[in-house]
Amino acid sequence: MADNLPSEFDVIVIGTGLPESIIAAACSRSGQRVLHLDSRSYYGGNWASFSFSGLLSWLKEYQENSDIVNESPAWQEQIFENEDSIALSRKDKTIQHVEVFCYASQDLHEDVEEAGALQKNHASVTSANPTEGAHSAYLPSEHESCTVSCEMPTEKTPKSDLENSLEINDVEATREKEKHCDDKTCVKSVSEEETSENVLTAEDTSLQSKKNRITYSQIVKEGRRFNIDLVSKLLYSRGLLIDLLIKSNVSRYAEFKNITRILALRDGRVEQVPCSRADVFNSKQLTMVEKRMLMKFLTFCMEYEKHPDEYKAYEETTFSEYLKTQKLTPNLQYFVLHSIAMTSETASNTIDGLKATKNFLHCLGRYGNTPFLFPLYGQGELPQCFCRMCAVFGGIYCLRHSVQCLVVDKESRKCKAIIDQFGQRIISKHFLVEDSYFSENICSHVQYRQISRSVLITDRSVLKADSDQQISILTVPAEETGTFAVRVIELCSSTMTCMKGTYLVHLTCTSSKTAREDLEPIVQKLFTPYTETEIENEENEKPRLLWALYFNMRDSSDVSRNSYNDLPSNVYVCSGPDCGLGNDNAVKLAETLFQQVCPNEDFCPPPPNPEDVIIDGDSLQSEVSESSFIPEANSETPKESTSLGNPEGSSQ
């Protein structure tokens, strides 16, 4: 509780996003006394993941647009004559233009059991009819937050470690039960089939189809199976974040899955892109000549620096123009540009494109046949992993604990303390504050970019495969001037982010308009709304859309410190999520700020091995058999997950 908080720390961190959590862990590991605060009731800020009901509660909070906690009017009295104060914002204005659409049928005869459910046929759930939806959707002004208005609990439901543990066991038990059930009911002798009098009629088939239909009530009831990320990212297998997770041993707090497919959208069709050597030679899309062309070009990209004559003349041109000069068919140019380099016709020059291609190829094969990993239970696990490391080394955490102001010494112009919601003054040497906590007075000259985001729940994958447990990434290039490429990440239930029988799809791009205006054309290309008329056509090629969320998120990653007004030199700004695919910006920012706080300290060094720590009188411990230190396998980990410490043993 606040009354028991120490009155002095070395570092105070405000906000629990990924950069703040990494910095807090690094400072705590280096011996600094760290206080880590967040006015929210959950870890991660805009990097968080929510269950379905937790997401609805999060939407409700933005719809109300109210203060997170009641402000104490007495804090101004604690500012002395030789001090100034910097009041922090009481409202989070990083999310705008929120729109929710429910396309799944809403069975009025079913009871919605999961807390936080949207009321059936409530006005906030837009009609599944696309034409009606266009009229009923409401876009708020810049100063409004959300269109959702319904009764939901204010408390969010991100999962605790215990809940995660219980849920894994529950998932495994469910899988075993379903497997047993399938084996028991589906295996039937020929004689039984012949003598069976219960022949399925067309009407029975229709009833069975309706039974298998996914309703909104089912989504709500299975809401804890969902872990929905506010920001959609992947981890490059040789990226800065993976290296940091391994180096600091924070990777022991998380498990990962390989991205199984890289897709491309050409002429309205979704295709799988061959990227590894095995994929190229096994591909049926490419001719033998194209396979040789592609392998030759990719081999060159791996060591392009050694052959400057090959690209020097094209340094000032776009990567797209450079590809046209190579011996590549239009088909191969498209794959390399959009699915391997993951850029667009105008976004990258030749050098940037070659670097991106080399980075992609460099990451292949470390943990699987694609360069990417995804954390089980969603991206929101990563900030919590670093928070756990910080706590292990003595950091103190307080959620639902807001800061009223920063206290600045007039003479030195340095920040000396904070005053929290209880009026307690807490002294510190360094202060790290997430951008969203600053008031409009501080940010009046800041020009923010915006990220357009959409989260979809669908009934099947955008590209059918032998296995329904595919994790895919698809880049849809921009079609009009002034718009941006859209990144699509499709997650299956084995990632522990959605219920069985559904897929969770994330769309992301740099904003040019509202999120819905930016992303709805892509959604319409890839999916069809889940309506009663479509249900009858079971052979429909496109996956059906059950539920959709659109919102714009602030991108503060490119803001210069000089843009903020009158910040003391010992107050450091941590930015929110950027629009990029990886997490390199967050790691670079965290390391840069850490070096300013602790100039001569190692950034997140490995923790000491407990076996190497010898306490007086305990020297006999070193003689204990090594076998006693071998941990048991974690039976709760879903099958085929990846352990970062053992690339060779990872699943493909």
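Quick summary incoming for the structure in this document. Since we're looking at a predicted model, the values are computed, not measured.

So, on to the overall build of the protein chain. Per the secondary structure count, the protein chain includes 17 helices and 23 strands. Sorting the 652 residues of the protein chain into buried and exposed places 53% on the buried side. Nonlocal contacts in the protein chain, meaning residues at least 24 apart in sequence, comprise 76% of its contacts between residues at least 6 apart. For the protein chain, the accessible surface area stands at approximately 31000 Å², while carbon and sulfur atoms represent 48% of it.

End to end, helix H17 (residues 584-597) covers 20 Å across 14 residues, agreeing with the expected 20 Å (1.5 Å per residue, within 8%). Turning to H17, the residues buried within the fold contact strand S1 (11-14), helix H1 (18-29), helix H8 (240-248), strand S16 (430-434) and strand S23 (571-574).

Here His 97, not a glycine, exhibits a phi torsion of approximately 55 degrees, which is positive. Structurally, the position occupied by His 97 is in strand S5 (residues 95-102). Non-glycine residue Met 496 carries a positive phi angle of around 60 degrees. Inspection of the secondary structure puts Met 496 in the loop between strand S19 (486-491) and strand S20 (503-510).

Turning next to the sheet that holds strand S12 (residues 396-398). Judged by pairing direction, the sheet is parallel, and its five strands sit side by side in the order S12-S2-S1-S16-S23 without closing on themselves. Only two strands of the sheet have a single neighbouring strand rather than two, namely S12 and S23. For this sheet, the mean inter-axis angle between neighbouring strands, taken without regard to orientation, is 15 degrees. Sheet topology places strand S2 (residues 34-37) next to S12; three bridges connect them, and they run parallel. Bridging across to S12, His 36 finds its partner in Tyr 397. On top of the sheet, H1 reaches S1, S2, S12, S16 and S23; it is set at about 160 degrees to S2, its chief contact. Together, S1, S16 and S23 form the strand contacts of H17, whose direction differs from that of S23 by roughly 170 degrees.

Topologically, Arg 40 is positioned in the loop between S2 and strand S3 (49-50). A polar contact is formed between the side chain of Arg 40 and the side chain of Asp 92, at a distance of 2.8 Å. Ignoring anything within four residues of it in the chain, the contact list for Arg 40 reads Gly 45, Asp 92, Leu 399, Arg 400, Glu 434, Ser 436 and Tyr 437.

Our next topic: the packing of helix H12 (residues 330-340) against helix H13 (residues 350-363). The geometry of H12 relative to H13 is characterised by a closest axis approach of 10 Å and an angle of 75 degrees between their N-to-C directions. By the angle between their axes, H12 is roughly perpendicular relative to H13. Across the interface between the two elements, Val 336, Ser 339 and Ile 340 from H12 touch Ala 356, Thr 357 and Phe 360 from H13. Here the contact of H12 with H13 is built from residues that sort into four nonpolar, two polar and no charged.

A separate point is the packing of aromatic side chains. Under the criterion given, the structure shown has 18 aromatic pairs. On the numbers, 6.0 Å between centres and 50 degrees between planes, the contact of Phe 52 with Phe 226 is tilted. With Phe 52 in helix H2 (residues 52-64) and Phe 226 in the loop between helix H7 (216-221) and strand S6 (228-229), this residue pair connects regions lying 174 residues apart in the sequence. Both residues of the pair, Phe 52 and Phe 226, belong to the buried class. Consider the rings of Phe 319 and Tyr 322, whose centres lie 6.3 Å apart with planes at 20 degrees: the pair is stacked. Taken together, the residues Phe 319 and Tyr 322, both in helix H11 (residues 319-325) and three residues apart, mark about one turn of the helix. Residues Phe 319 and Tyr 322 agree in their burial class; the two are buried. An aromatic cluster is defined as three or more aromatic residues linked by ring pairs; in this entry it consists of Tyr 42, Phe 50, Trp 58, Tyr 62 and Phe 551. Just above the ring of Tyr 334 sits the side chain of Arg 266; from NZ or CZ to the centre is 4.9 Å. Above the plane of the ring of Tyr 448 lies Arg 554, whose end atom (NZ or CZ) is 4.1 Å from the centre.

So, on to helix H14 (residues 381-392). Over its twelve residues, H14 extends 17 Å from the first C-alpha to the last, a length consistent with the 16 Å expected when each residue adds 1.5 Å. For H14, every residue scored as buried is listed here: Glu 381, Leu 382, Pro 383, Cys 385, Phe 386, Cys 387, Met 389 and Cys 390. Immediately downstream of H14, the backbone of Gly 394 shows phi near 105 degrees, a positive value.

As for its position among the elements, Ser 439 is in the loop between S16 and strand S17 (449-458). Filtering out sequence-adjacent residues up to four positions away, Ser 439 remains in contact with Ala 87 and Ser 89.

Analysis parameters
Residues numbered from 1 in each chain as written. Predicted model: local features only at pLDDT ≥ 70, side-chain atom pairs only at ≥ 80, totals over all residues. Heavy atoms only, no water. Helix = DSSP H or I, 4+ residues; strand = E, 2+ residues; numbered from the N terminus. Buried < 20%, exposed > 50% of the residue type's maximum accessible area, 1.4 Å probe, protein only. Contact = heavy atoms within 4.5 Å. Areas by Shrake-Rupley, 256 points an atom, 1.4 Å probe, with all protein chains shown as cover. Expected span 1.5 Å × (residues − 1). Pairing = 2+ DSSP bridges. Axes fitted to C-alpha atoms, helices over the stretch in contact; angles between N-to-C directions. Polar contact = N/O pair within 3.5 Å; in protein donor to acceptor, adjacent residues only side chain to side chain. Parallel < 35°, antiparallel > 145°, perpendicular 65-115°, else oblique. Nonpolar A, V, L, I, M, F, W, Y, C, P; charged D, E, K, R; others polar. Phe/Tyr/Trp six-rings, centres within 6.5 Å; stacked < 30°, edge-to-face > 60°. Lys NZ or Arg CZ within 6 Å of the ring centre and 35° of its normal.

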